[in-house]
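# Structural features, examined
As a plain string of letters, each chain reads:
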Amino acid sequence: LSEGKMLVQSPDGMKKIPSTKRETAAAFLKKVAKEFGFNTNGFSVYQNLTPQWNIIAIIYEIYLSFLMHGDMLFLFPSGAPSSSGEVMDTTTPHSSSSVQEDEIDQYLAKQDGKIYRNKDPQLCHHGALGKCVHCVPLEPFDEDYLNHLDPPVKHMSFHAYLRKLTGGADKGKFAALENISCKIKAGCEGHPPWPEGICTKCQPSAITLNRQKYRHVDNIMFENHTIADRFLDFWRKTGNQRMGYLYGRYTEHKDIPLGIRAEVAAIYEPPQNATQNSLELIDDPKAAAVDEIAAKLGLCKVGWIFTDLLSEDMRIGTVCYSRNKDSHYLSAEECITAGYFQNLHSNPCRLSRDGYFGSKFVTVVATGGPDNQVHFEGYQVSNQCMALVRDECLLPCKDAPELGFAKESSPEQYVPDVFYKDTDKFGNDVTFLARPLPVEYLIIDITTTFPKDPQYTFSSAQRFPIENRDILGETQNFHSLSTYLSQCTSTAFLGIVSDFHLLLFLVTNEVMPLRDSIGLLLDAVRTSNEDLAQTWKKFEEWATIEQLCSNSLGYEAMGGPSVPSSSSAMWSCLHCTFMNQPGTEHCEMCSLPRS
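This report concerns the structure included in the present document. (Residues numbered from 1 in each chain as written. Predicted model: local features only at pLDDT ≥ 70, side-chain atom pairs only at ≥ 80, totals over all residues. Heavy atoms only, no water.)

### Section: the sheet that holds strand 20 (residues 394–396)
Pairing is antiparallel in the open sheet, where 3 strands are placed in the order 20-21-24. The open sheet has two edge strands with one neighbour each: strand 20 and strand 24 (437–438). Its contacts with the sheet place helix 7 (residues 332–344) against strand 20 and strand 21 (403–406), and it is angled at close to 140° to strand 20. (Pairing = 2+ DSSP bridges. Helix = DSSP H or I, 4+ residues; strand = E, 2+ residues; numbered from the N terminus. Contact = heavy atoms within 4.5 Å. Axes fitted to C-alpha atoms, helices over the stretch in contact; angles between N-to-C directions.)

The structure is reproduced here in structure tokens:
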């Protein structure tokens, strides 16, 4: 160490620690422990806020010679003390290499990301191989470039934000992605627990809301109009609102530097109670099976969608334009719901000590636009909103959907102060307490589009009934499956079974669920492989499905099931169309006698 004083920053504050030229790391760290009150193995010291190089490791002893007078070091407490006072903790924080990031994040992390420009014929006066300020490549976070795009981009992409943090001369030496916490830190023993006591060590910091400069998803794209039209059919036929989960994949969005696009391939509609003005989700026993099927199809849950539609003129099919700058874009309750979903689907991130940061889960609203037609608007809520929702600090206002309310502290819960800045009538910047809070500070808008050339992950030309639409008389059973198969004119078996809702029915139906034997068919749909589909078609399971369908058609034609005359053949129950084993006299499903 050089002669002088080192600045050591800890959660409790900053202190100056004297050092000498011949002082060892162990002797210096003894001074640190004494100064901060650590008598045992209770902390680690690093040279930057992204803890990577622990200066107390012996292998880095020579590295200490580069520390100069006035250099900053960072102290991180590391848990319960031990009996030894000589050896400091060398446990490293959360290892970034252990975080399994999404494939799109791994791909974008390897890309150059710079914005290359052609030589300007008027301003560039250098040779073909030269570069000047008018043609040198721009960084992906360049604000002037983003503002001059058509339309302008208000939020840089998340990976462009990471490049901004880790760029420059220090290469991200002081960059840290820290998740906000609104809870009291556990383990503080210097005073009674809340509400009897609190101190600066365990008290969460106050939060000043600001509009987030980046977004985790830059575009939402439905593969084709059919996906959205089928979802809207429920509202068209009932007048009630509807909610669904978006299943798709994350891909590169090339219109924005290092951008991410959420591509929607299907919408799953969970059990729900709906009216013209409300939505209530019901526990879904099939939720795990749906996620499992989607994963085997190469899809994941990328967001949720709901309708907020009110018919204006039924004769011409117009809807009311109710969400605008004079009312609200998302209500506080919807922001809280979006924050809840985003916390459930956090974004793996290797640059965060927690292993996650933010979320790619999106929110889509089907509502009326300025032209009184149905528009699809995409949003996310900010990381600050996610923290407030996760720690139960945010409430909706009953009579003002555009306003939220930061909870006040109670004996059961300490809530940090939440502020936001706005301009008063004289043009001065004023800080307000977030009681109430305009939710516009929490919202990030995302462009929602449809491709010029439709894409189809599921290529079936026919429509199998969507789940949980019994109120419309659209049920998923073997009668509807037999009707669906009779309407299919395709000679390719893959084209017949390539329907998301059909595959869900084959896996989750109660009569003959195929959860353990449908893997090959899902692989065929995922890879568009007709040969694999034909191979699965030869399995016994599909022959049984066809038999169940034929019995269902027999019931429709004769007013009852087509029961084989031989008692050695399988037979179908009149009441539930369940296929029973030969020789049984009572239905194995409903226990009614054979007829």
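### Quick notes on helix 6 (residues 287–296)
Looking at helix 6, one finds that the buried residues are Ala289, Val290, Ile293 and Ala294. Within helix 6, the buried residues cover an arc of 135° as seen down the axis, which keeps them to one side. Residues of helix 6 that are exposed and point over 90 degrees away from its buried face: Ala288 and Ala295. Buried-residue contacts for helix 6 involve strand 9 (243–253), strand 10 (259–268), helix 11 (500–508) and helix 12 (519–527). A positive phi of about 80° marks Gly298, the residue just after helix 6. (Buried < 20%, exposed > 50% of the residue type's maximum accessible area, 1.4 Å probe, protein only. Arc of directions from axis to C-beta.)

### Description of the packing of aromatic side chains
By the definition in use, this model includes 22 aromatic pairs. Taking the centre distance of 5.8 Å and the plane angle of 70° together, the rings of Phe376 and Phe450 count as edge-to-face. Here Phe376 is found in strand 19 (residues 374–381), whereas its partner Phe450 is found in the loop between strand 25 (443–449) and helix 9 (478–487), with 74 residues between them in sequence. Using a relative accessible area of 24% as the deciding quantity, one classes Phe450 as partly exposed. Aromatic pair Phe493 and Trp536: ring centres 6.4 Å apart, planes at 20°, arrangement stacked. Of this pair, Phe493 sits in helix 10 (residues 493–497) while Trp536 sits in helix 13 (residues 530–537), placing them 43 residues apart in sequence. Each of the two residues, Phe493 as well as Trp536, counts as buried. Aromatic rings pair up to connect Tyr245, Trp304, Phe306, Tyr340, Phe341 and Phe361 into one cluster. Here the basic side chain of Arg242 rests over the ring of Phe234, its NZ or CZ set 4.2 Å away from the ring centre. Positioned above the aromatic ring of Tyr250, the side-chain terminus of Lys360 is 5.7 Å from the ring centre. (Phe/Tyr/Trp six-rings, centres within 6.5 Å; stacked < 30°, edge-to-face > 60°. Lys NZ or Arg CZ within 6 Å of the ring centre and 35° of its normal.)

### Focus: the sheet that holds strand 1 (residues 4–10)
Taken in spatial order, the 4 strands of this open sheet run 2-1-4-3, and their pairing is mixed. Pairing within the sheet leaves two strands with one partner each, and these edge strands are strand 2 (13–19) and strand 3 (43–46). Strand-to-strand, the axes of this sheet are offset by a mean angle of 30°, without reference to chain direction. The strands that helix 1 (residues 25–36) touches are strand 1, strand 2, strand 3 and strand 4 (72–77); relative to strand 2, the one it contacts most, it runs at about 140°.

### Points about the environment of Phe158
Considering the arrangement of structural elements, one finds Phe158 in helix 4 (residues 158–166). With 56 residues separating them along the chain, Phe158 and Tyr214 place their C-alpha atoms 5.5 Å apart.

### Overview of the pairing of strand 8 (residues 219–222)
Covered by surrounding structure in strand 8 are Asn219 and Met221 together with Ile220 and Phe222, the residues of both alternating faces. Note: strand 8 against strand 10, 4 bridges, orientation parallel. Bridge assignment links Ile220 to a residue of strand 10, and that residue is Ala262. The sheet contact formed by strand 8 and strand 25 spans 3 bridges and is parallel. Opposite Ile220, over in strand 25, you have Thr448 as the bridge partner.

### Brief notes about the packing of helix 7 against helix 8 (residues 383–390)
Put simply, helix 7 and helix 8 touch, their axes get as near as 8 Å, and they point 90° apart. Considered as vectors, helix 7 and helix 8 are oriented roughly perpendicular to each other. Taking contact as the criterion, the partners of Cys335, Ile336, Gly339, Tyr340, Gln342 and Asn343 in helix 7 are, on helix 8, Cys385, Met386, Val389 and Arg390. Class assignment for the residues of the contact of helix 7 with helix 8 results in 6 nonpolar, 3 polar and 1 charged. (Parallel < 35°, antiparallel > 145°, perpendicular 65-115°, else oblique. Nonpolar A, V, L, I, M, F, W, Y, C, P; charged D, E, K, R; others polar.)

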